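This is what each chain is made of:
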Amino acid sequence: MKYVTFSLGGDPAPRIGVLDGDEVVDIKARVGRAWPGRFPETLLELIQAGPDTWRRMASLIGVELSRTPASADGRHTLEETRWHAPIPRPRKNIVCLGLNYMSHVLETSAPLNREAKTPNVPIFFTKAVTTVSGPRDPIPWDRSATEQLDYEAELGVVLGVNGKNIPRARSLEHVFGYTVLNDVSARDVQHRHKQWFKGKSLDGFCPMGPCIVTADAFGDPQRKRISLRVNGETRQDASTGDMIFPVDVIIETLSRGMTLEAGDIIATGTPEGVGLGRTPPTYLDDGDVVETEIEGIGTLRNQVAAI
Ligand code: MG
């Protein structure tokens, strides 16, 4: 199942949809009447309701979409919908991994004058919830805050089941699904303040989407192609299999002594090809179009807009 959060021109309130071919289906319009009790109004609410509810929802939607003849109720073309981030306002900061692909460790060691060695534990930092934006939204470039705007294609993991001290073998059972993130970074701010939080947390610095693919439909998170293009030129192209710490190890490590909750989002790090790692460093410019893609999920398309 591919879940999206979308709105329509005449009604800006976000609603939950599923992708069916080239169309978005408003699930409340289609299965709301058959739903026992209160229908989840947001994707976050659905996620927090737990696996039994996800299965019931998937089953009802499956029946509804397989009806013949197909109904046009609640169906919308991509053109008539505005896509929001699947979770437009997460409840907590997004947990991010730094230096989780060796190729990225190597490309940034010289410009940062840092030893090129494999981290022996995951490096965690966070992005503010106010960074989150939609899969087609502009990336605001506040020139008063940064001169070095950079991109990072990343696989996003959306937790679905609360847990603490989760063993590696059970980790993926806690995942609701996967999404695409661009961990937009202000390199000058990131380095000036030593801790990465500020340089990663400017407004609009986390385009997300276009959908959340449920874990059962996505399959092995370590076997997906991840890529990023700037104005059509490929800058990043790798496999999620190259992660130093795979998703199950990340969850095991992060949950040690610390409760993870349904709706938490983890950004799993970026492979090589960022602007900082180029010779000379090449940062984003006003008007640049950044496309971030992960096999099996889809593509974010965000244009830099100087403000
Ligand atoms: Mg990153």
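We now turn to the structure provided with this report. (Residues numbered from 1 in each chain as written. Predicted model: local features only at pLDDT ≥ 70, side-chain atom pairs only at ≥ 80, totals over all residues. Heavy atoms only, no water.)

Now for the pattern of salt bridges. Any two side chains of opposite charge can pair, on the condition that their charged atoms come close. Tallied over the full model, the rule gives 24 salt bridges. A salt bridge links E173 to R170; the shortest N-O distance between them is 2.9 Å. A residue is classified by how much of its surface remains accessible, and R170, at 45% relative accessible area, is partly exposed. Here the salt bridges do not stand alone but share partners, grouping K127, D150, E152, D183, R187 and K200 into one network. (Salt bridge = Lys/Arg side-chain N within 4 Å of Asp/Glu carboxyl O. Buried < 20%, exposed > 50% of the residue type's maximum accessible area, 1.4 Å probe, protein only.)

We now examine unusual backbone geometry. That bond from G209 to P210 is cis: its omega, -10°, falls within 30 degrees of zero. The omega torsion of the bond from T279 to P280 falls at -10°, within 30 degrees of zero and hence cis. Mapped onto the elements of the fold, P280 is located in the loop between β17 (265-267) and β18 (289-294). Backbone geometry places L99, a non-glycine residue, at a positive phi of 55°. For L99, the position within the fold is in the loop between β6 (94-98) and α4 (102-109). Look at N231: it is not a glycine, yet its phi comes out positive at around 50°. Relative to the helices and strands, N231 resides in the loop between β15 (225-230) and β16 (233-239). The class of N231 is partly exposed, set by a relative accessible area of 48%. (Helix = DSSP H or I, 4+ residues; strand = E, 2+ residues; numbered from the N terminus.)

Attention now goes to the packing of aromatic side chains. Enumeration over the complete set of coordinates arrives at five aromatic pairs. Here the aromatic rings of W35 and F39 are separated by 5.6 Å at their centres, their planes lie at 75°, and the arrangement is edge-to-face. Take W35 and F39: they sit in the same class, and that class is buried. Between W54 and F176, the aromatic rings sit 4.8 Å apart at their centres with planes inclined by 80°, giving edge-to-face as the arrangement. (Phe/Tyr/Trp six-rings, centres within 6.5 Å; stacked < 30°, edge-to-face > 60°.)

Attention shifts here to helix α8 (residues 247-254). One turn of the α-helix equals 3.6 residues, which is why residues spaced by three or four share an orientation. The element α8 is largely enclosed, with a buried count of six among its eight residues. By the burial criterion, the buried members of α8 are V247, D248, V249, I250, I251 and L254. Packed against the buried residues of α8 are β6, β7 (123-127), β11 (153-159), β12 (175-182) and β17. (Contact = heavy atoms within 4.5 Å.)

Tracing the backbone shows M57 in helix α3 (residues 51-65). Residue class for M57 comes out buried when judged on its relative accessible area of 0%. Along the chain, M57 and M258 lie 201 residues apart, while their C-alpha atoms are 30 Å from each other. Beyond its immediate stretch of four places on either side in the chain, M57 contacts Y3, I27, V31, W35, F39, P40 and L46.

Those protein atoms acting as donors to the magnesium ion are E152 (OE), E154 (OE) and D183 (OD), and they sit at 2.0 to 2.1 Å. Site description for the magnesium ion: donor spacing in sequence, E-x1-E-x28-D. Placement of the pair is E154 in strand β11 and D183 in the loop between β12 and β13 (185-186), with a sequence separation of 29 residues. Each of the two residues, E154 as well as D183, counts as buried. (Donors = N, O, S within 2.8 Å, 3.2 Å for Na, K, Ca; no water.)

So, on to the environment of L44. Its location among the elements puts L44 in helix α2 (residues 43-48). With a relative accessible area of 14%, L44 lands in the buried category. Along the primary structure L44 and R89 are separated by 45 residues, whereas in three dimensions their C-alpha atoms are 9.1 Å apart. Those residues in contact with L44 that sit more than four places away from it in its chain are I87, R91, A262 and G263.

None of the figures reported here should be taken as evidence of function without further support.
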